[in-house]
Amino acid sequence: MALRQILRRSLSSERRSASSGADIPKGHLAVYIVENQKKRFVIPISYLNHPSFQELLYQAEEEFGFHHPVGGLTIPCFQDLFTELIAGESRK
């Protein structure tokens with residue numbers, strides 16, 4: 001599955017680029033939103049099951065393939081939209 005490949009490669013790339021994973025709690029992952037500048041978000045892995053988030057992952061695959069420019073999982077999305085998406089998920 002493409003989704004698993006994206007996550008596996010992004011997570012392994014992020015592990016290599018992070019000096020220590022101490023700032024990412026267990027059960028979470030870091031994603032980068034690139035609008036005018038990159039912004040890092042640490043989100044629960046459970047968000048990966050949300051259809052809106054899965055759509056963003058497919059868009060990331062289309063735009064970046066498996067080579068993400070900032071080293072971690074990069075999502076092509078406006079920061080405001082992503083913030084609304086994760087705020088909605090955290091209320092559930």
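Relevant structure appears above.
Residue numbers run consecutively from 1 along every chain, following the written order of its sequence. Totals for whole chains, interfaces and linings use all residues, but because this is a predicted model, local features are given only for residues with pLDDT of at least 70 and pairs of side-chain atoms are given and counted only at 80 or more. Note: side-chain values were computed over all heavy atoms of the structure, leaving out hydrogens and water.

Caption draft 1: Quick look at the pattern of salt bridges. Each reported salt bridge corresponds to a side-chain nitrogen of Lys or Arg within 4 Å of a carboxyl oxygen of Asp or Glu. One pass over the full model with this rule turns up 1 salt bridge. Arg40 is the partner of Asp23 in a salt bridge, and the nearest nitrogen-oxygen pair spans 2.8 Å. Note that Asp23 is positioned in the loop between helix H1 (2-17) and strand S1 (28-34) and Arg40 in strand S2 (residues 38-44), a separation of 17 residues in sequence. When its relative accessible area of 46% is taken as the criterion, Asp23 is described as partly exposed. On the basis of relative accessibility, which here comes to 34%, the residue Arg40 falls in the partly exposed class. In this description a helix means any DSSP run of H or I spanning at least four residues, a strand means any run of E spanning at least two, and both kinds are numbered starting from the N terminus. When accessible area is computed with a 1.4 Å probe and restricted to protein chains, residues below 20% of their type maximum are described as buried, those above 50% as exposed, and intermediate ones as partly exposed.

Caption draft 2: Molecular detail of the sheet that holds S1. Paired strands are those between which DSSP finds at least two bridges. On the basis of which strands lie adjacent, the open sheet formed by 3 strands has the order S2-S1-S3 and mixed pairing. Edge positions in the sheet fall to S2 and strand S3 (73-75), since each has one partner strand and no second. Put simply, the sheet's adjacent strands are angled 35° from each other on average, direction ignored. Across 3 bridges, the pairing between S1 and S3 is parallel. From the neighbouring strand, Ile33 faces S3, where its bridge partner is Ile75. Contacts are assigned to residue pairs that have any heavy atoms within 4.5 Å of one another. Think of each axis as a best-fit line through the C-alpha atoms, taken over the contacting stretch in the case of a helix, with angles from 0 to 180 degrees between the N-to-C directions. In the packing of helix H2 (residues 51-64) onto the sheet, the strands contacted are S1, S2 and S3, and the crossing angle to S3 comes to about 100°.

Caption draft 3: The arrangement of H2 in detail. Over its 14 residues, H2 extends 20 Å from the first C-alpha to the last, a length consistent with the 20 Å expected when each residue adds 1.5 Å. Listed as buried for H2 are Phe53, Leu56, Leu57, Ala60 and Phe64. Looking down the long axis of H2, one finds its buried residues gathered within 105° of arc, a one-sided arrangement. Exposed side chains of H2 directed beyond 90 degrees from the buried face belong to Pro51 and Glu62. Backbone geometry just after H2 places Gly65 at a positive phi near 65°. By this rule, a helix spans an expected 1.5 Å times one less than how many residues it contains. Note that the arc is defined by the directions from the helix axis to the C-beta atoms.

Caption draft 4: Local environment of helix H3 (residues 79-90). The end-to-end C-alpha distance of H3 is 16 Å, a good match for the 16 Å that 12 residues give at a rise of 1.5 Å each. Every buried residue belonging to H3 is among Phe82, Leu85, Ile86 and Glu89, and all of these are buried. Summarising the axial view, the buried residues of H3 lie within an arc of 90°, below the 170-degree limit, and thus occupy one face. The outward face of H3, more than 90 degrees from its buried face, is lined by the exposed residues Asp80 and Glu84. Close packing links the buried residues of H3 with S1, S2, H2 and S3.

Caption draft 5: Summary view of the environment of Glu61. Relative to the assigned elements, Glu61 resides in helix H2. C-alpha separation for the pair Glu61 and Ile75, spaced 14 residues apart in sequence, amounts to 8.8 Å.

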